[in-house]
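# Breakdown of the fold
Okay, here's what each chain looks like letter by letter:
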Amino acid sequence: MPKSATLSASSLKIRPLHDKIIVRRDEAEDRTAAGIYLPEKAKDTPKTGIVEAVGTGTVNTDTGKLIPLTVKKGDRVIFSSYAGSEVKLGTMGEDKVLIMSEDEVLAIID
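Residues numbered from 1 in each chain as written. Predicted model: local features only at pLDDT ≥ 70, side-chain atom pairs only at ≥ 80, totals over all residues. Heavy atoms only, no water.

### Some details on the overall build of the protein
The number of helices and strands found in the protein is zero helices and 10 strands. For the protein, the sequential pattern of α-helices and β-strands runs β-β-β-β-β-β-β-β-β-β. Across the 110 residues of the protein, 31% fall into the buried class. Taking the contacts inside the protein whose residues are at least 6 apart along the sequence as the reference set, 61% of them involve residues at least 24 apart. As presented, the protein carries roughly 7,600 Å² of accessible surface, and 52% of it is formed by carbon and sulfur atoms. (Helix = DSSP H or I, 4+ residues; strand = E, 2+ residues; numbered from the N terminus. Buried < 20%, exposed > 50% of the residue type's maximum accessible area, 1.4 Å probe, protein only. Contact = heavy atoms within 4.5 Å. Areas by Shrake-Rupley, 256 points an atom, 1.4 Å probe, with all protein chains shown as cover.)

Okay, here's the thing in structure tokens:
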């Protein structure tokens, strides 16, 4: 069985299981193209991010073989607006990541 990657923040380590991945969402733009600063509430939540860790994959129910995930650590991905669950890591919750299924990923950006 392939070893999955883990993500560490402070002393907490998390490892996604099966078909789950951990994505660090890109930062929201704080200015418009014209240079106008945006207030916190006006910022769009980015729908892109970097894959930080991946699970081991899914098991084919017919053959019993492990099917590895398509995405890998370091891939930049696009996902839907409501994909995944946001998890706050660190002592003060300063490090936010998304845990989602691989099938919530819409595309990999090359």
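### Side note on the sheet that holds strand 10 (residues 105-109)
Reading across from one edge, 8-9-3-4-7-10 is the order of the six strands in this open sheet, with antiparallel pairing throughout. In this open sheet, the two strands that pair with only one neighbour each are strand 8 (85-89) and strand 10. When strand polarity is set aside, the average angle formed by the axes of neighbouring strands in this sheet is 40 degrees. (Pairing = 2+ DSSP bridges. Axes fitted to C-alpha atoms, helices over the stretch in contact; angles between N-to-C directions.)

### Focus: the pairing of strand 3 (residues 20-25)
By the bridge criterion, four bridges tie strand 3 to strand 9 (residues 95-101) in an arrangement that is antiparallel. The partner of V23 across the bridge, within strand 9, is L98. Note: strand 3 against strand 4 (residues 48-54), five bridges, orientation antiparallel. What sits directly across from V23, in strand 4, is V51.

### Quick look at the pattern of salt bridges
Side chains that differ in charge, positive against negative, can pair when their charged atoms come close. By the definition in use, this model includes four salt bridges. One salt bridge in this structure joins D19 and K20, with 3.4 Å as the shortest N-O distance. Look at K20 and you get partly exposed, because its relative accessible area is 32%. Between K72 and D75 there is a salt bridge; the shortest N-O distance is 3.3 Å. Residue K72 is classed as exposed on the basis of its relative accessible area, which comes to 53%. (Salt bridge = Lys/Arg side-chain N within 4 Å of Asp/Glu carboxyl O.)

### Let's talk about the nonpolar core
In a soluble, globular protein the nonpolar side chains are often hidden away together inside. Core analysis: the largest hydrophobic core is formed by 12 residues, namely I21, V23, V51, V54, L69, V71, V77, F79, A83, L98, M100 and V105. Those residues in contact with M100, other than ones at most four positions away along the chain, are D19, K20, I21, V23, F79, A83, G84 and V105. Counting residues in hydrophobic clusters, the runner-up holds five residues, among them I14, A53, L89 and V97. (Core = buried A, V, L, I, M, F, W, Y, C linked by side-chain atoms within 4.5 Å.)

### Here's the deal with unusual backbone geometry
Most peptide bonds take the trans configuration, and most residues that are not glycine carry a negative phi. Phi at H18 is positive, roughly 50 degrees, even though this residue is not glycine. Along the chain, the position of H18 falls in the loop between strand 2 (12-14) and strand 3. On the basis of relative accessible area, H18 is assigned to the exposed category, the value being 52%.

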